[in-house]
Amino acid sequence: MDGNMTAADVTVGIANASANATAVVTAAAADDSGLSPGSVVLRVILASFLLMVLCCCLACLCSCWCLLHRGIPPECRDGVEATLQQMENRGYLPKLNDPPVGAATTVVEPPPSGQRVIAALNLRR
């Protein structure tokens, strides 16, 4: 130690050196991240938007599952059937209830009384 330096001077010097080293390390860490404040804000906005879209998709998935699980409510069935009928008439949907054009129709006679029919198959072409 130099004759002019006291223990207090050494302590202050060490404190200043550690403060400078901390400041240098903090500045270097901020520079290494490479993120400007605008970039951070953009990432937060993008993450919020994606979270909102994910929540909307989840809500749609849950509503579709509930609709398929419970079926169409009775008060809405007439409207749905009318819409489907209009779409069939316009040709957007195939007519599933009508027989195909040129198909032969067969009439199934009821069984004699006292007999039960389990299954009826028509194998003729």
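These figures come from a predicted structure and were not determined experimentally.

This part covers the overall build of the protein. Counting its secondary structure elements, the protein contains three helices and zero strands. When the helices and strands of the protein are placed in sequence order, the string is α-α-α. A buried classification covers 1% of the 125 residues belonging to the protein. For the protein, the exposed surface amounts to about 11700 Å²; the carbon and sulfur share of it is 65%.

On to helix α2 (residues 37–70). Taking 1.5 Å per residue as the helical rise, α2 with its 34 residues ought to reach 50 Å, and the 49 Å between its terminal C-alpha atoms agrees with that figure. Of the residues flanking the end of α2, it is G71, one or two places downstream, whose phi is positive at about 85°.

The end-to-end C-alpha separation of helix α3 (residues 74–90) is 25 Å, in line with the 24 Å expected for 17 residues at 1.5 Å each. Taken from the residues just after α3, G91 is the one with a positive phi, measuring 95°.

Residues L67, I72, V80, L84, Y92 and L93 make up a contiguous nonpolar surface patch of about 510 Å² in total accessible area. Positionally, L93 belongs in the segment after α3. Classification of L93 as partly exposed rests on a relative accessible area of 31%.

Time to look at the confidence of the model for the protein. Reading fine detail from the predicted coordinates is not recommended where pLDDT is low. Of the residues in the protein, 52% reach a pLDDT of 70 or more, and the chain-wide mean stands at 75. Looking across the protein, the model is least confident in helix α1 (residues 7–33), with a mean pLDDT of 56, and most confident in α2, with 92.

We now examine the side chain of E88. Structurally, E88 is set in helix α3. By relative accessible area, which is 17% here, E88 ends up buried. Apart from the residues within four sequence positions on either side, E88 is in contact with L93, P94, K95 and L96.

Moving on, we come to the state of the cysteines. In a disulfide, the sulfur atoms of two cysteines are held together by a covalent bond. Counted according to the given criterion, the structure contains zero disulfides. C66 supplies the cysteine sulfur nearest to C62, a cysteine that is in no disulfide, at a spacing of 6.6 Å. Classification of C62 as partly exposed rests on a relative accessible area of 43%.

Cut-offs applied
- Per chain, residue numbering runs from 1 following the sequence as it is written.
- Per-residue local features are limited, in this predicted model, to residues with pLDDT of at least 70; the limit for side-chain atom pairs, both in listing and counting, is 80 or more; totals at the level of whole chains, interfaces and linings are taken over all residues.
- Each side-chain value is worked out from all heavy atoms of the structure, with water and hydrogens disregarded.
- Strands are runs of DSSP state E lasting at least two residues, helices are runs of H or I lasting at least four, and both sets are numbered from the N terminus onward.
- Relative accessibility under 20% of the residue-type maximum defines a buried residue, over 50% an exposed one, and the middle range a partly exposed one, all with a 1.4 Å probe and only protein chains included.
- With residues, only the protein chains shown are counted as cover, and all accessible areas are computed by Shrake-Rupley using a 1.4 Å probe.
- Working rule for helices: expected span equals 1.5 Å times residues minus one.
- A patch is a set of surface residues, each over 30% in relative accessible area and not in a salt bridge, joined within 9 Å for like charges and within 5 Å for the nonpolar side chains Val, Leu, Ile, Met, Phe, Trp and Tyr.
- When a carboxyl oxygen of Asp or Glu lies within 4 Å of a side-chain nitrogen of Lys or Arg, that pair is called a salt bridge.
- Known as pLDDT, the predictor's confidence for each residue is given on a scale from 0 to 100.
- In what follows, a contact means two residues having at least one pair of non-hydrogen atoms within 4.5 Å.
- Here, a disulfide means two cysteine sulfur atoms that sit within 2.5 Å of each other.

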